[in-house]
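Each chain is listed here by its residues.
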Amino acid sequence: MWMHQIFLKDICRTVNGLVKTALGPPLGSTTTLTPAQDMAFRVESVKCLAGIIRSMGAWMDQQLQASDLSLLKSPESDASTENHSMLNGEDGAAVDSELETSSELSEAATLEQRRAFKIEFQKGISLFNRKPSKGIEFLIRAKMIGSSPEEVASFLKNTTGLNETMIGDYLGEREEFPLKVMHAYVDSSNFEGKDFGEAIRFFLRGFRLPGEAQKIDRIMEKFAERYCKCNPNSFTSADTAYVLAYSVIMLNTDAHNSMVKDKMLKADFIRNNRGIDDGKDLPEEYLGALYDQIVKNEIKMSADCSAPQSKQANSFNKLLGLDGLFNLVNWKQTEEKPLSANAVLIKHIQEQIKAKSGKSESVYYAVTDTAILRFMVEVCWAPMFAAFSVTLDQSDDKTATFQSLQGFRHAVHVTAVMGMQTQRDAFVTSMAKFTFLHCAADMKQKNVDAMKAIISIAIEDGNFLQEAWEHILTCLSRFEQLHLLGEGAPPDASFFVVTQSETEERTHKPASFPSLKKKGNALQNPAVMAVVRGGSYDSTTLGIKASALVTPDQINQFISNLNLLDQIGNFELNHIFAHSQRLNSEAIVAFVKALCKVSMAELQSPTDPRVFSLTKIVEIAHYNMNRIRLVWSRIWSVLSDFFVEVGLSENLSVAIFVMDSLRQLAMKFLEREELANYNFQNEFLRPFVIVMQKSNSAEIRELIVRCVSQMVLSRVSNVKSGWKIVFTVFTTAAADERKNIVLLAFETMEKIVRDYFPYITETETTTFTDCVKCLITFTNSRFNSDVSLNAIAFLRFCAVKLADGRLICYDKSEGGDSSIPIVDEDDSSGHPFTDEDDHVSFWVPLLTGLSKLTSDPRQTIRRSALEVLFNILKDHGHTFSQLFWVGVFKSVILPIFSNSKGKGETNINDGRFSPDSKSPQREESAWSSEILAEAAQYLVDLFVSFFDSMHSQLPSVVSVLTGFISSPVQSPASTGVAALQRLAADLGDRLSEEEWGDIFLHLKEAAASTLPEILRVLRTMDDIEVSDDSQTYTDMELFSDHGITNDDLEDDSLQIASYVLSRVKCHIAVQLLIIQVITDLYKAHHQSLSAANITVLLEIFASVTSHAHELNSETTLQVKLRKVCSILEISDPPIVHFENESYQSYLNFLHSILTDNPSLYERMNIEPQLVAVCEQILQKYLNCSGCQSKQTSGNQPVPHWRLPLGSTKKEELAARTPLTVLALQELSGLERDSFRRYVSHFFPLLVDLVQSEHSSGEVQHVLSHIFQSCIGPIIMGL
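Cut-off values and rules
- Residues numbered from 1 in each chain as written.
- Predicted model: local features only at pLDDT ≥ 70, side-chain atom pairs only at ≥ 80, totals over all residues.
- Heavy atoms only, no water.
- Axes fitted to C-alpha atoms, helices over the stretch in contact; angles between N-to-C directions.
- Helix = DSSP H or I, 4+ residues; strand = E, 2+ residues; numbered from the N terminus.
- Parallel < 35°, antiparallel > 145°, perpendicular 65-115°, else oblique.
- Left-handed = near helix turned anticlockwise from the far one by under 90°.
- Contact = heavy atoms within 4.5 Å.
- Nonpolar A, V, L, I, M, F, W, Y, C, P; charged D, E, K, R; others polar.
- Buried < 20%, exposed > 50% of the residue type's maximum accessible area, 1.4 Å probe, protein only.
- Salt bridge = Lys/Arg side-chain N within 4 Å of Asp/Glu carboxyl O.
- pLDDT = per-residue confidence, 0-100.
- Polar contact = N/O pair within 3.5 Å; in protein donor to acceptor, adjacent residues only side chain to side chain.
- Phe/Tyr/Trp six-rings, centres within 6.5 Å; stacked < 30°, edge-to-face > 60°.
- Lys NZ or Arg CZ within 6 Å of the ring centre and 35° of its normal.
- Core = buried A, V, L, I, M, F, W, Y, C linked by side-chain atoms within 4.5 Å.

*Asks:* Pulling in residues and values, what's your account of the packing of helix α18 (residues 398-417) against helix α19 (residues 421-434)?
*Replies:* Running from N to C, α18 and α19 cross one another at 150 degrees; their axes reach a closest spacing of 8 Å. Here α18 is positioned roughly antiparallel relative to α19, judged by the angle of their axes. By crossing handedness, the relation of α18 to α19 is classed as left-handed. Every residue of α19 that contacts α18 at Leu-405, Phe-408, Ala-411, Val-412, Thr-415 and Ala-416 is listed here: Gln-423, Arg-424, Phe-427, Val-428, Ser-430, Met-431 and Phe-434. Residues of the contact of α18 with α19, tallied by class, amount to nine nonpolar, three polar and one charged.

Here is the structure:
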């Protein structure tokens, strides 16, 4: 473009003059021109204005094209010289080594062979430098290089004479073999320990990046994967390295290319890389250091290091083909400033023009900076806009309207390329309005021509339209609607809103709409009526003037106008969407955003919802799916939000349509192979999860499950990171409230686990955890127990796969290994799995899930989960380390039994009995006695099997079992006794003295722990009075060992007393079981017990007997309880029996010590305890018989007669007789010296027994023996 000595004001004056001429004389003014002359002037003025804007665009295109050519031009002299270079160095040595094997040939022949080989080898290199693929094929066919990808990669990396540009082009090819070579080439590089910037320098030193974006994308994608594999702790995923690599390349081009005027600042670089680390920011210090490194030291090829700095600064980026990347990924904001106008330069040009303005009329100045054009357009765009708009609106002259449309066309081109958003949108919006698609009844030929111009703009200037795409796509949508209406196709709304009656009618009579072009009368078609009424351009739907009347003439005019639209075929419209593949990265994102916005407006129409744009979204997604992944991720970010929003639409048909469209795209996307450590599939399939979790429609949720099932089963070999989304969808479905959705999801889940399990962990082992969590969710299904049971079975299957070592390798060392979870054995309050090692993370969700499942309210599920859990631990526990077992006990096993405790207890709060809690059997979640017994058996079996690894957990196991024993319910206590006995029997001599001590201390604690509770229960009887009236309740339920289940008692006091009675019976039974278990343990293992252990046992006996004596001393309480028993017609609580049994067991235990270990008996001084126990027994017998000891003061009178005993006392006396006889026998069995030593203590008791009127004959017989054989000799000896 050449500028004459004309300033901007002169340009403005010229344009304004032409505009005035184009608009014609003002209204009311007179003119000497004829109408024909006036029209000719106006047409020529419009033509001149169109020529001005056209010349601006042509000059702009010329300057931009010249600039692009200078940037993209690459030197070819290097390639020509390299073609004639000879092999040397390592390559020559490699060639020589291959030929040295021909030792039998003569020296001359060997040299000739070498010469021929090198000539042929050089021929292959020359061919490679022209056509890389042909060159590789030639060398492989000549057997000069190996045929494996690794050998070809080594050839490319180490051979001199190869053109670096051709190496880059070959590595970027998409064919299978070059792709494998590229992977081998990258994998041969070791980036371990290298900084990210250093790694990129190292990587790019051997070749030049190709200029094609797809090739660069494949190379950088593999580089990111390799860098993350060499440095696993560098980034969260390979996506981060991939994006950062592109950003570094952009920064290198920006910083060291002299053509870039506005350099990227450090703040810009940091801002551009926000959120790339899986949604999180990389440290600013790290990005800042990387920025400084690239800015200060340009990334150069090793071959270029010796070149002059000035040449490299201008040529490096264009040699690598990086300058063009600004058209692919533009990291800086370009809106309103794409060409970076330089005000200083413009001012300098203007000053030069002014300085030389008076010298000559024929002086011209060449302007090369397109920034000057921006100021010209800003001055003249508004007048041009007015001229073109008025002419197009008021004139029907073909020439005038054609020139106006051409002016619009070129104005849009200039303003769009220059980034002048406001001006561009003004021109595009005006053209869209002039299409008259919003009021088709008034359409003319010029309006059709406007539509053609818009299509031309969309195809030719799509890269610069940005937000203006919305207006263009709106026109396309309305054009398609009119076209379908003219063809007689039913509107989309007829498919979305269908009642049941309409559905039945359609099954018998398909819907059909007559073609309007064949039938002139369309007054019966409501869709035509709505369109003819028309509306404003800004309205989202046509025909908003519902009250306006439509005449037959309007209908006929409308049908005639539809014929005009035949000038534009579907090919032109479809070409716009197919052409989207050629849009650059910024343009395609803007195009997708606009299309989604238009589609949303179509779908949200209350009267006429349409899916035209929705179908086009699916199409353009197909067209652009092969773009570089960095760009595709930006496209999908927009589409993902759109699919989620529409998928949650209240219009069910629309939501179903969009979900099916998403399924089609997913099937297409899954055809692409995904490398390791990438999350593209995960991001692509995320809309399924969001809609699945948020949708209130059961139909949509079911459709998503079907879609995901179909995708997985048909593309199972290509699913990589998408497994996480698949399992998340099925996990959500497993918790769904609809049974059919749960069953459908589990059917697919079953097939995945059974048939495709190896694919789950093929790329990422963490998906195993997602699979396990999904199965655990299915185990909680409340619809079908079979689903839960099958899910539990699959969990066992997963455990087998995990234990087979297909996912991890186990280290069975005892300690000091990083793969063992770090567990503090003293920490029982936190989560024991604190190690972040992957080995633990696989087992933890599986085992903890089954552990929680043992609390399921369904008994069959509880039983199955319990069985599977302990079977897994028993079958695969040998793969666990000792410290890992500690974590298993704390987080898996112990919670099972802590959940089972207290399920059979009934509480009395504030002295009042709660009827709602008195029947623990009604709790569905309570463990039955059978399940409890099985659980205890599983625990003992597991502990015995792995005792060597788990012996440190003996206190925990014993605590669980003694917890059963101390239960207020008899059944768990019996289970605990049996399990503890079996544990001791199986372990036998393997237990140490300290471990025996732990067992007995837990038993002691169990015995003492129940005492405060039972005493609190007994105290509730203090304020209760039981009537002497022995009223019977024949229809009253009997009491079980677990508590009262009677809801018909009217007297609260009697209810409380009944409950106390039940608790007392259970308590006595539990205490006797404790005595039994320690007696049995002593009998079986007395040889392994130390004095300290026996001391603990003696303390337990003493505590139980003391408690039994205290309980029997509660006379008032016993009277009340007997009355309750009389009323309820049940047996009295065995309090006396409890006391007798406890003393008898105590006495037998003391005697056993004397019998089994006399030395220990003497060392522990057991004999005084034996005598003391016998004295207590005799004293209790005397008290029961009504006799008092003579050990009273002399002033107390001695009674001369005694009252006869009642029936209760007689029964008690009879019950105590065997114990008394046993005590007397123990005393008579003392050695003579011992008897002589202690006779003074119990002699008064013997005398009282002799005087007792109610003592039995057995007691008298034993007394006679004592006096004759023991006391008599002592007296005679005196």
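*Asks:* I'd like a rundown of the environment of Tyr-1082, residues and numbers included.
*Replies:* With respect to the helices, strands and loops of the structure, Tyr-1082 is situated in helix α47 (residues 1052-1085). The class of Tyr-1082 is buried, set by a relative accessible area of 3%. Placed 15 residues apart in sequence, Tyr-1082 and Leu-1097 show a C-alpha to C-alpha distance of 8.8 Å.

*Asks:* Which residues make up the pattern of salt bridges, and what are the values?
*Replies:* Tallied over the entire structure, the rule returns 37 salt bridges. Across the pair Asp-187 and Lys-222 runs a salt bridge, and its minimum N-O distance is 3.3 Å. Remark: Lys-222 occurs in helix α11 (residues 213-230) and Asp-187 occurs in helix α9 (residues 176-187); sequence separation between them is 35 residues. Owing to a relative accessible area of 32%, Asp-187 belongs among the partly exposed residues under this scheme. Asp-736 serves as the salt-bridge partner of Arg-701, at 2.5 Å between the closest nitrogen and oxygen. With Arg-701 in helix α33 (residues 698-714) and Asp-736 in the loop between α34 (723-734) and α35 (739-755), this residue pair connects regions lying 35 residues apart in the sequence.

*Asks:* Explain the confidence of the model for the chain to me, using residue names and the numbers behind them.
*Replies:* In the predicted model, the chain carries a mean pLDDT of 75, and 74% of its residues have values of at least 70. Taken as a whole, residues 1-7 scores under 50 in pLDDT and shows 21 contacts with residues more than four places along the chain or in a different chain. Note on residues 305-346: pLDDT under 50 across the span, and 103 contacts to partners over four residues away in sequence or across chains.

*Asks:* Can you tell me about the side chain of Asp-277, naming the residues and giving the values?
*Replies:* Its location among the elements puts Asp-277 in the loop between α13 (266-272) and α14 (284-296). A distance of 2.8 Å separates polar atoms of two side chains, one belonging to Asp-277 and the other to Thr-236. Contact partners of Asp-277, with chain neighbours within four places excluded, come to Phe-235, Thr-236, Thr-240 and Leu-282.

*Asks:* Break down the packing of aromatic side chains for me, with residues and values.
*Replies:* Taken as a whole and assessed by the stated rule, the structure comprises 54 aromatic pairs. Ring centres of Trp-381 and Phe-385 lie 6.1 Å apart, and the angle between their planes is 55 degrees; on these two criteria the pair is classed as tilted. Of this pair, Trp-381 and Phe-385 both sit in helix α17 (residues 371-394), separated by four residues, roughly a single helical turn. Both rings, one in Trp-636 and one in Phe-684, keep their centres 3.9 Å apart while their planes meet at 10 degrees; by these two values the pair is stacked. Of this pair, Trp-636 sits in helix α29 (residues 629-647) while Phe-684 sits in helix α31 (residues 680-684), and the two are 48 residues apart along the sequence. On the basis of relative accessibility, which here comes to 1%, the residue Phe-684 falls in the buried class. Through pairs of rings, three or more aromatic residues link up here, namely Tyr-185, Phe-191, Phe-196, Phe-202, Phe-203, Phe-207, Phe-223, Tyr-227, Phe-235 and Tyr-286. Sitting over the ring of Tyr-185, Lys-157 keeps its end group 5.5 Å from the ring centre. Residue placement shows Lys-194 over the ring face of Phe-202; its charged tip is 4.8 Å from the ring centre.

*Asks:* Lay out unusual backbone geometry with the relevant residues and their values.
*Replies:* Residues other than glycine predominantly adopt negative phi, and peptide bonds predominantly adopt the trans conformation. In this model, Lys-143 sits at a positive phi of 60 degrees, which is unusual for a non-glycine residue. Mapped onto the secondary structure, Lys-143 falls in the loop between α6 (132-141) and α7 (149-158). The phi torsion at Asn-1165 lies on the positive side, around 55 degrees, for a residue other than glycine. Considering the arrangement of structural elements, one finds Asn-1165 in the loop between α51 (1158-1163) and α52 (1167-1185). The exposure class of Asn-1165 is partly exposed, given its relative accessible area of 47%.

*Asks:* Explain the nonpolar core to me, and be specific about the residues and the numbers.
*Replies:* Leu-156, Phe-196, Phe-730, Phe-778 and Leu-983 are the most contacted members of the largest nonpolar core, which has 351 residues in total. What Phe-778 contacts, discounting residues up to four positions off in sequence, is Phe-730, Ala-734, Val-742, Ala-745, Phe-746, Met-749, Val-787, Ser-788 and Ala-791.

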